Structures are given as C-alpha cells and as structure tokens.
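Chains, contacts and geometry: an overview
Given next are the chains, with one letter for each unit.
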Number of protein chains: 4
Amino acid sequence: MKLKFMILTLATAICSTAWAGKVVTDSVESKILGATVKYNVYLPTGFDECNKVYPVVYLLHGLYGSYADWAKQGGMQTVADELIASGEATEMIVIMPNAGHHDIHNVWNGYFNMPGWNYEDFFFQELIPEAESKYRGIGDKMHRAIMGLSMGGGGSTVYAQHHPDMFSSCYAMSAWLDQPVIDKDMKHTKFYHTCVSVQKNSTIAFVQNADAERVKQLQSVKWFFDCGDDDSLMELSVRIHKAMQEKKVKSELRIKNGVHNWEYWHLALRAALPFASRNFAK
Amino acid sequence: MKLKFMILTLATAICSTAWAGKVVTDSVESKILGATVKYNVYLPTGFDECNKVYPVVYLLHGLYGSYADWAKQGGMQTVADELIASGEATEMIVIMPNAGHHDIHNVWNGYFNMPGWNYEDFFFQELIPEAESKYRGIGDKMHRAIMGLSMGGGGSTVYAQHHPDMFSSCYAMSAWLDQPVIDKDMKHTKFYHTCVSVQKNSTIAFVQNADAERVKQLQSVKWFFDCGDDDSLMELSVRIHKAMQEKKVKSELRIKNGVHNWEYWHLALRAALPFASRNFAK
Amino acid sequence: MKLKFMILTLATAICSTAWAGKVVTDSVESKILGATVKYNVYLPTGFDECNKVYPVVYLLHGLYGSYADWAKQGGMQTVADELIASGEATEMIVIMPNAGHHDIHNVWNGYFNMPGWNYEDFFFQELIPEAESKYRGIGDKMHRAIMGLSMGGGGSTVYAQHHPDMFSSCYAMSAWLDQPVIDKDMKHTKFYHTCVSVQKNSTIAFVQNADAERVKQLQSVKWFFDCGDDDSLMELSVRIHKAMQEKKVKSELRIKNGVHNWEYWHLALRAALPFASRNFAK
Amino acid sequence: MKLKFMILTLATAICSTAWAGKVVTDSVESKILGATVKYNVYLPTGFDECNKVYPVVYLLHGLYGSYADWAKQGGMQTVADELIASGEATEMIVIMPNAGHHDIHNVWNGYFNMPGWNYEDFFFQELIPEAESKYRGIGDKMHRAIMGLSMGGGGSTVYAQHHPDMFSSCYAMSAWLDQPVIDKDMKHTKFYHTCVSVQKNSTIAFVQNADAERVKQLQSVKWFFDCGDDDSLMELSVRIHKAMQEKKVKSELRIKNGVHNWEYWHLALRAALPFASRNFAK
C-alpha cells in the first residue's frame, strides 16, 4: 500500500476540490419593477473553459430571506459540487434571485404580482430570458426546473402551475402553499399583503379546480413536496399531494424528521437536485 | 383543519426552537502545558434549570483547526439539538477542546505527547476532570464517548486505545490513523513533529501488536470508522477495521460518498451521536 | 493482504452467520376465545445458552394475514439479526401472534373485542403473561414495545392507548387508524365487523377526546407513524400525528416513498426495531 | 377528508399495483456451449401494449446460484417496479441469465471461458444478440448496463473491462474480483476451476496493468463497488477502487453495514438500478 505521499494528498484534500463550481452575484435592471434585482448564480466546474449550454434550476429563498441565503446558509455550492461529481446531479446552472426587501407601501414582497410590484411578470419576462441568455441556459421546459423553501416553495409551485410549459419539475420544501385564514390582527403587520397574495394564489385550490385541460398540463410537470414532521406548514404539503392524487396528477410526498430550518433544507437540496436532474431530458 | 394561526406559528418556527441547547466557550489553565486551553461545550436544553448529571462526548477537531470548528463549520449544535429532540441521541454534554495553535519549537501540535507539550497528559489529568466536574458529567466509562475528524479521528482512536477503561465508544471520521512513511522533504514543514507523533502512535500497529489482555480491553470499546470514498486517508480506515476483525474486536466500517470536508463530517455527526448514545448505559 | 483463506471464508459467509437468532412457532390455549392461538417468537442468538431476561416487542400482522407473515414475507429474522449484531437494536424477543382466521359469525376478526371474540382481553390476560413467562420477557412497561402493519398498526396504537402503562413505545406502519365512514355495501362483506370495530376504536378520536389525565398517560409512550406516500391510508397517519401535536403529545411522523406492501414494511422494520430499542430502559 | 371508499382502496392497495412489470423465463439454445441456457427477463409495465425499445440491464447471480435467484430471493421485481414508478430508475428490461449447474468435468462453472465451456463467448455472441432482439433492447453501449453479486459482481466487472464499448456502467455488489492465492487443498473441490478462472481474470491486475489506451476505455464506463463491512470479500472492492483512482479512472465505493447475503443485495439493488439509469443516455 503506497501511502508515501499521503500527507501531501491530505493537504490537497483539505485545500482543493478539482470539481468545484462557483457562485457569482449578478443583477437584472427591471423595467417592470423599476428596481435592480440581484441574483446569485451557481456555475459548474469548467463553465468558463467551454461554451456548452446547460439545464437551469431556479432555487428560491423564503420569507425575510434574500438571494444570498442558499449560498451562505444553505451550503448549496458544496451540495451541487458533490452531487455533480458523483453523477447524482447533472451539470447545471442554478439561479437564485432576490424576492424581497423591496418596500412598496411599507410591505414585504413575495413571488406574486401585487399592486406596484409585479414580481411574477418580472420573473418570466425579464429574469429568465436575461439570465439564461447570459449564462448559457438551454432554455426549454425539458431543461428547466424550479424549487425553493417555505415562501419559495409556494412560489415554485405557483410558477410551475401557471407555466407548466416552462418547467419539467418542481420541488417544494416546507412550502407555504396556501393561507386558508387571515387573522384580522395581521392587517397591520408588514407581511399582510404577502399573506393575501398567498391566499389568492392557493396552490391547493388551483389543483382542486383544475379542469381536464389544466390537469393534462399539470401532468406534464413532475411534482415533489418535502416537509418536516414538526413543521407547522406540514399539512399543506399533505393536502396538495392528496389533491393531485385525486386529479390523477403524479406527485411525490416526503415527511421527514425536522422543522422549518436550514438543516432541513440543506438535506432536502441533496434530494432535490437529483430529482430535477433525472427529469431533465439529456 | 385549523390553520388559523399558521402565520404566527410560521414566525415561531423560524425564530425559535423550544428544544435548543447552547454552546459556551470556556478554558482550562493547564499546569502540564503551561498554557490556557480553550474549549467549547454544548449544553442541552434545560441544563441550567436542573442539576442533572449527563453522559459526555469529546468531539475533536482536525489539523490546523481549533476548538471553535465543530460549532462554526460543523453545525454541531443543530445536529445535537435535533437528534436529542427526536430521541436518536440521548441528552448529553459535548466537549470540544483546542489541540493546536500552540507553537512550541515552531511546530503545530496534535493530540499526543511531544517534548515540551504533553497534550495527552493534559487531556486526561486536567481537561476531563475539570470539565466534567464543572458541567456535571456522569464521569465513568459507560457514560463517556470520544469522536473526531481527521487528526481528531486519529486522536480519538489513540485515546480510546490507551484508555479503554475511560470510553464506551469511539467514532473516527476520515481519520488520520497512521503515517506509514515520512518523506524527507517534510522535515522542515510545520507539521513534521505531528507526523512523527502519528507514526509513533500508529493505531493500526497498536491493534496488530495487541496481546490477549489488550485485545480484551479493546473489545470493551465500540469502534466505528467512517470515511469518504474519495478521501486520500480512506485506506487507513479499512486497514484498522481489518486489523480489528483479525483480532476478533468488533468494529463498524462505513465508506460513503465524499471527500475530506465539512459536508462529510456534518453528515457523519448525524450518525456518530446516535452511535455514542446507544453505547451509553442508561 | 492475507486473502489465502478467502474462499473458505466465502463459503462461511454464504452458509453461516454466527449471530443468527431463530423463529419458533408456539401457541396459547385461550379460555377467553375458546381457541388455540398460534404465535411466532423470535429468539436472539444465545437464547438457549443462557438464562438472561429480555425486552419484548409485539409485532402485529395485517388484515387477512397470519402470525407467520412477518417471518415469511417480512424477513423479520434477518432484520432483527443484523440490527442486533450492529448494535442498532438491543437483544430482544419478538412475539408475532395470530389475529385472524377465526371465523365467528362468518367474519374475519381483528385485534378488538367483538361479541363472542374478545381478542383484546385475550392479548392482555392470556398472551402477554404466558409468552413473557415462557420466553423470559423482562415484563414491564420500560422493556415492552408494540408495532405492526396496517390493521396491526391500528391494533398497536389502540393497545398502547388503552394500556399506556404497558408499553414504552408504539410504531405503527401504514396503519388503519380509523374508519370514518362505512359504506352500506360493505354490510355483507366478511370484514364488516372489523370495520365497525376499527371505527369504534378510532385512535384519532381517542387522542382528540383525551382529558388532561389521559394526555399525561399518552405522553408516557413514544409514538411513531410511518406510511407510504402512495398508500390510501396515508392521511390517517398524518391526522393522528396532528392530533397528538395539538395535545402536546410528542410523536414522530414519516411519509416515505411507497405503497401498502411488504417492501415498505420490511424497510420500516429496519427503523422500528431501533426505535423500540432506544426507548427501552437498559 | 373523503375517506368513504378507503376500505375499497385498501383492498386495492393490497391486491394490485397498477405499475407492476413481470418476470418471464426464457432460454437460449447455445451452439457455443452445446446446451440450453435459461434466463429470466423483467419486462416493465406496458411492455406488451407497445412496441417501444428499452435500455437493458444484465443482472448476474452468484456462485451456486441460478437465473431464478434475483427474482425469488432478491425481490428484484418489486424493487424495479417501485423505482420505475417513482422515476428513480428509467423503464428498462433486466436480463438474468444462468451461469452454473452445467457440470463439465465435474466442476461448477462461472462467467469465464473454460476448456469445454466458453461462457463469456456465449454471453456476447449468443445471449446478448438474441435476448435484446427478442425483448426490444435498444442495443448500444449507452443503453446497456451490467451488475451482479459476488461471483456475478466479478463477472460484471470482467465483462465491462473486456467490452468497455458494450456497457455504460457496471455495479459490482460484494464482488469476487480476484483470487490472490489458491490453496492446494482446493484442488479437489468442485469449484477449483472457478477459482483458477477468477485468478486468471483478476479485475485488479487488469486495472493495474492497463496502458494509456486501455485506461481511456475504462474511463468510458461508470464503475460502482458496493460491499458489506463484515463481508470477507470487502478488501477486494477497496483494492479495485484504489487501483482505479491511481489510474485516474473514476469509481464509486460504498462500504455499508452488512454481510454476504440477500438482505444486502436487495438493498444494493435499490441503489444499482438508479445508478445504471442515470448513466444511460435518454
């Protein structure tokens, strides 16, 4: 057994990983929003040394979060690097846009259109075209997936429901999929408008009310709902899964040990990127 | 389904976890080393509100690391909190001592006795008694375990080999268990003395040379070796496992996907704390 | 590397496992039922060579099943052998009683008392005392657990609800925990009476209706509900978990990939025996 | 919650699985061997209702085994059905040929050419063309994988080494990859000739001796070695993984808890079919 150079390789193991991608920060000047919207983008190993085109994952943050969360708190780069290296995920770019901190009328904004803040329009008309053009996304349904946590899990689901021709799969983590009741006391909180928009965009009602044509569209997307057993949002994931089953839309549900935190989402990402990968066309 | 207060509980889920322990920093004034040695200690939920005594885990860092690594980079508090909450780990305190940054003769020091730096003596004569007394450790073999990464995985194994009456189990991650050959070129590097001490304390030779009496002692400890398949140290874990099997000392070996990094150790800790727990006497 | 005797050890590996327990078939002459009730019992390695006492797990089969199912179709012996060998489960005996095939009034019977077939009475007054006495069960709450699949998952939950002083933990797989509605068309099927008894023994209503005293008793048992995401009974596991959370009774819920079949229960058993083990007092 | 028809669906869940494939037994009249060689073939749901072509996996049994083992003892149909249903494996056919029980010169035969029994020639010249033609295999490297257990893990590795242009991936479980020493005492056993053929076909020496051209060919196959930590063959998997790493041939290694038995291989198959799937071209 040749362990002669073990120490040198130990040093190497600590310092370098030949297959490391990188995360860069960029932004879109949005005419629709009248604002500059930042995003992080993960680029896999070798991105700069080639002119290949890639499948694209949109990875959305949660309430009170920012575009930087998945890289800083979610360890997304390590997960992506390792899964690509082992072949469990395909080479891809991952776009992590900002969806908050833009105070319009003194409210916190989410992924949906609100008076004066048409974020969903921005996402589809400005962000996707610009980012995929700049970072060599392949640019079609079978090479695009969406996923996110909490409010971003709800956003992912709504986007894939509204645009089933745009995404091959959707993976919603600990997702805020509906807001059945809004308490009067909330009216003066900063995220009252977000609550109202989540209620209006109920993903569960969307499935329950789907006609045959819409059901067919929903069936063209692969759905995955993943939530912790001690997460207060858990029942929402169960309810949408049941609603989809009743409409014969195939969907995966996992309830694992955990709560509404980054430990959960970090582990969930290790399942989500392979799920997106196997639902891409090669 | 009562989702009336979901938003409030969503806020709660994000901000608080009722079952959160804490990590505090403390230190030992060591006469043996002539130095102040810092350590972090994880205290489970309710530690301050009771006078219970607890089993103790020693959790060791790696080369060039420090006492702060497991909390900062390894996310040890989240892992411990969640495993204790789910019952997979028992309530315990976790002590993470510093083993480096003390430059004697301009070298980096590890877990072993060196001229002028008798760290192993310090560990058993000063650290264990003082920390367990202060933080209510139960204080016997069947309520004490040791684990660590890389150089700390080697340190854990050596300590449990030298003091089998002190530990019920040992979990070594990506462990530096031996240094078969030392290159001449290393003589002038900062960690040459560490290499020499690892070679002198070869855990594999220790097992291979064990007589019947020592084998019996080794059998009183539960051993677990866990290493990534792309880690340059991987063969060492295989070799000690085989050496133990040949001596009829029961040992667990796992080679999982991964390299020599915190992603690996974070996930390994999720298995290590339950392993220690089920080998404690209740 | 000494591989000289590898072939011989290969043969050994195929033919023998030093740590293999065994499953034997026995029966109870029940006065309460006026019938002979068979059961299988798993005895761990070394049972015959010692006079140790053991913790006991009751492992219940499903509708239309028999005492022989877990050994024949569920591979329970291999799972128990391996988990005990690796230390993930403690040495234990596992009792698998028959709960069906006794046609009274031309119906299929379950785990509950019915006119002319007081199975629950039999279970607690005859089976437990006789089997634990004969096979050296320790015989108290902290060394007794119950688990089962489908109708047996419902039976386990009801038994632990009715006798919280008897079981330290309950692990219900794909469990038939309630029968909210009984269709008129079922009246003439063979398992109509079973349905009625499941409805009467609703585990969910039991939790929802529990007063403070009963809640305290429920809190003394560790609960685990595990069901496949494509199992038609899945919502029942979610509902009891939520009911327990509302009453501040700690409970674990897992929804994994799968349906109502032996592949699911075989894998579930690999989690259930460790769960029971860590909730035994040592 | 509509649970009205739960009992009916419970019955359905027990009795049927809409997405069940089937295993059929067939045979090849081999001129090369002068014998009829049986094989099982797994055909996915809908095979008979369409004229699609499929990727093909060859799944090999072990010493003293037969073509029927994987279906009877390994539960391969359930695993394949479920992984295809969940999307973790792609729709595929799985061919399980017989490699033993043909006593020539009173010996037990394996996967290699022996005097009077040129099984490897049969496999590539007769089995593959006939079976893939009959069962609509796509029939190229990027839609063909090989895997097997023990002697069949060795056979898989040798076949993929000899024919890297034929397989996109190879997954070897508990594999008999080499026979370093053959004891004199074995000369009169029934499997002496098998041992000799394994030694001659050492997969480890094959890698170590590979020149640049051969290394390039090996790099065109994805390799996975998976073995139990208490399996006497474990070191062989470690050694070939190291040999591949030294030649810069990417390879995965997993050492999990377990021995040389069907519990291990059943679980391994749950990882092996997804591995083959993600290395197929779509």
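Keep in mind that this is a model prediction, so the values were computed, not measured. (Residues numbered from 1 in each chain as written. Chains lettered and ligands numbered in written order. Predicted model: local features only at pLDDT ≥ 70, side-chain atom pairs only at ≥ 80, totals over all residues. Heavy atoms only, no water.)

**Here we look at the overall build of chain A**
Secondary structure assignment for chain A yields ten helices and ten strands. For a compact globule of 282 residues, the expected C-alpha radius of gyration is about 19 Å, and chain A comes in at 19 Å, within 12% of that figure. Taken over the C-alpha atoms alone, chain A extends approximately 70 × 40 × 35 Å along its principal axes. By residue count, 62% of the 282 residues in chain A fall in the buried class. Contacts in chain A between residues far apart in sequence, at least 24 positions, make up 74% of those at least 6 positions apart. With the model as given, the accessible surface of chain A reaches about 10,500 Å², and the carbon-plus-sulfur share is 52%. For chain A, the separation between the mean place of its 28 positive charges and that of its 30 negative charges on side chains is 4 Å. (Helix = DSSP H or I, 4+ residues; strand = E, 2+ residues; numbered from the N terminus. Rg over C-alpha atoms; globule rule 2.2 N^0.38 Å. Buried < 20%, exposed > 50% of the residue type's maximum accessible area, 1.4 Å probe, protein only. Contact = heavy atoms within 4.5 Å. Areas by Shrake-Rupley, 256 points an atom, 1.4 Å probe, with all protein chains shown as cover. Lys, Arg positive; Asp, Glu negative; His and termini not counted. Charge placed at Lys NZ, Arg CZ, Asp CG, Glu CD.)

**Here's the deal with the environment of C:Q217**
Along the chain, the position of C:Q217 falls in helix α8 (residues 212-218). Sequence separation between C:Q217 and C:V249 is 32 residues, and the spatial gap between their C-alpha atoms is 9.5 Å.

**Quick notes on the packing of helix α9 (residues 234-246) of chain B against helix α9 (residues 234-246) of chain D**
To describe two helices that pack against each other, one gives the angle between their axes and the distance between the axes. In the contact formed by α9(B) and α9(D), the axes pass within 11 Å of each other and the chain directions differ by 160 degrees. In this view, α9(B) runs roughly antiparallel relative to α9(D), as classed from their interaxial angle. At the point where α9(B) passes α9(D), the crossing takes the left-handed sense. When α9(B) is examined against α9(D), the residues B:M234, B:E235, B:V238, B:H241 and B:K242 are found in contact with a partner set consisting of D:M234, D:E235, D:V238, D:H241 and D:K242. (Axes fitted to C-alpha atoms, helices over the stretch in contact; angles between N-to-C directions. Parallel < 35°, antiparallel > 145°, perpendicular 65-115°, else oblique. Left-handed = near helix turned anticlockwise from the far one by under 90°.)

**Some thoughts on the side chain of C:S237**
All names here are of chain C. Secondary-structure assignment places S237 in helix α9 (residues 234-246). The buried category is assigned to S237, whose relative accessible area is 0%. Each residue touching S237, except ones within four places of it in the same chain, is listed here: A175, L177, F225, C227 and L253.

**Structural notes on the environment of D:T157**
Residue and element names in this part refer to chain D. Checked against the element boundaries, T157 lands in helix α5 (residues 151-162). Sequence separation of T157 and M147 is ten residues, and the distance between their C-alpha atoms is 8.0 Å. Ignoring anything within four residues of it in the chain, the contact list for T157 reads C170, A172, L177, T203, W223, F225 and I240.

**Side note on the pairing of strand β3 (residues 56-60) of chain C**
Residues and elements named next belong to chain C. Most of β3 is tucked away: five of the five residues are buried. Residues V56, Y58 and L60 line one face of β3 and the alternating positions V57 and L59 line the opposite face, and both faces are buried. Of the strand pairs in this sheet, β3 and strand β4 (residues 93-97) are connected by three bridges, and their pairing is parallel. For Y58, the partnering residue across the bridge sits in β4 and is I95. (Pairing = 2+ DSSP bridges.)

**Focus on the packing of helix α3 (residues 76-86) of chain C against helix α10 (residues 262-278) of chain C**
Residue and element names in this part refer to chain C. Between α3 and α10, the shortest axis-to-axis distance is 10 Å and the interhelical angle comes to 40 degrees. Classed by the angle they form, the pair α3 and α10 counts as oblique. In this structure, the crossing between α3 and α10 has a hand that is right-handed. Residues M76, V79, A80, E82 and L83 of α3 pack against H266, L269, R270, L273 and P274 of α10. Within the contact of α3 with α10, the residues separate by chemical class into seven nonpolar, one polar and two charged. (Nonpolar A, V, L, I, M, F, W, Y, C, P; charged D, E, K, R; others polar.)

**Quick word on the pattern of salt bridges**
Side chains that carry opposite charge are capable of pairing whenever their charged atoms lie near each other. Residue and element names in this part refer to chain C. The full count for this structure, using the stated rule, is 40 salt bridges over all chains. With a shortest N-O distance of 2.5 Å, K52 and E91 are connected by a salt bridge. Of this pair, K52 sits in the loop between β2 (35-43) and β3 while E91 sits in the loop between α3 and β4, and the two are 39 residues apart along the sequence. (Salt bridge = Lys/Arg side-chain N within 4 Å of Asp/Glu carboxyl O.)

**Overview of the pairing of strand β8 (residues 169-173) of chain B**
Residue and element names in this part refer to chain B. Among the five residues of β8, five are classified as buried, and the element is accordingly described as predominantly covered. Alternating positions in β8 separate into two faces, S169, Y171 and M173 on one and C170 and A172 on the other, with burial throughout. Both strand β7 (residues 144-149) and β8 contribute to a ladder of five bridges, which runs parallel. Counted as the bridge partner of G148 is A172 from β8. Assessed by its sense of winding, the connection that carries the chain from β7 through helix α5 (residues 151-162) to β8 is right-handed. (Right-handed = clockwise from strand over helix to strand, strands pointing away.)

**Some thoughts on unusual backbone geometry**
Look at B:S150: it is not a glycine, yet its phi comes out positive at around 55 degrees. Counting through the fold element by element, B:S150 comes out in the loop between β7 and α5.

**Digging into the state of the cysteines**
Any covalent bond linking the sulfur atoms of two cysteines counts as a disulfide. Residue and element names in this part refer to chain B. What the rule picks out here adds up to zero disulfides over all chains. Cysteine C170 remains unbridged, with the sulfur of C227 as its closest cysteine sulfur at 14 Å. Accessibility expressed as a relative area gives 0% for C170, which makes it buried. (Disulfide = S-S within 2.5 Å.)

**Description of the side chain of B:D226**
All names here are of chain B. Mapped onto the elements of the fold, D226 is located in strand β9 (residues 222-228). Among the residues examined, D226 registers a relative accessible area of 0% and is labelled buried. If near-sequence neighbours (up to four positions away) are discounted, D226 is found in contact with Y171, A172, M173, S174, R254, K256, Y264 and A268.

**Let's talk about the packing of aromatic side chains**
All names here are of chain A. The tally for this structure, following the rule as stated, stands at 68 aromatic pairs over all chains. Among the aromatic side chains, those forming a connected cluster through ring pairs are Y58, Y111, Y119, F122, F123, F124, Y159 and F167. Over the ring of F47 we find R136; its NZ or CZ atom is 4.0 Å from the centre of that ring. (Phe/Tyr/Trp six-rings, centres within 6.5 Å; stacked < 30°, edge-to-face > 60°. Lys NZ or Arg CZ within 6 Å of the ring centre and 35° of its normal.)

**Description of helix α4 (residues 119-134) of chain A**
Of all bends in α4(A), the biggest is about 40 degrees, found at A:L127, and the proline A:P129 comes one to four residues later. Positive phi shows up at A:R136, right after α4(A), with a value of about 55 degrees. (Bend = angle between axes of the 7 residues up to and from the residue.)

**Examining the confidence of the model for chain A**
Residues and elements named next belong to chain A. Residues with a pLDDT of 70 or more make up 90% of chain A, whose mean pLDDT is 91. Counted against residues more than four places away or in other chains, residues 1-17, with its pLDDT under 50, gives 33 contacts. For this predicted complex, the interface score ipTM comes out at 0.91, while the overall pTM is 0.93. (pLDDT = per-residue confidence, 0-100.)

**Remarks on the environment of C:N201**
All names here are of chain C. Within the fold, N201 resides in the loop between α6 (192-200) and α7 (203-208). It is 12 Å that separates the C-alpha atoms of N201 and A160, two residues lying 41 residues apart in sequence. When near neighbours in sequence (up to four residues on either side) are disregarded, N201 contacts F112, V158 and H162.

**Quick word on helix α5 (residues 151-162) of chain C**
Given a rise of 1.5 Å per residue, twelve residues ought to cover 16 Å, and the 16 Å separating the end C-alpha atoms of α5(C) matches this to within 8%. With eleven of twelve residues buried, α5(C) is to be regarded as a mostly interior element. (Expected span 1.5 Å × (residues − 1).)

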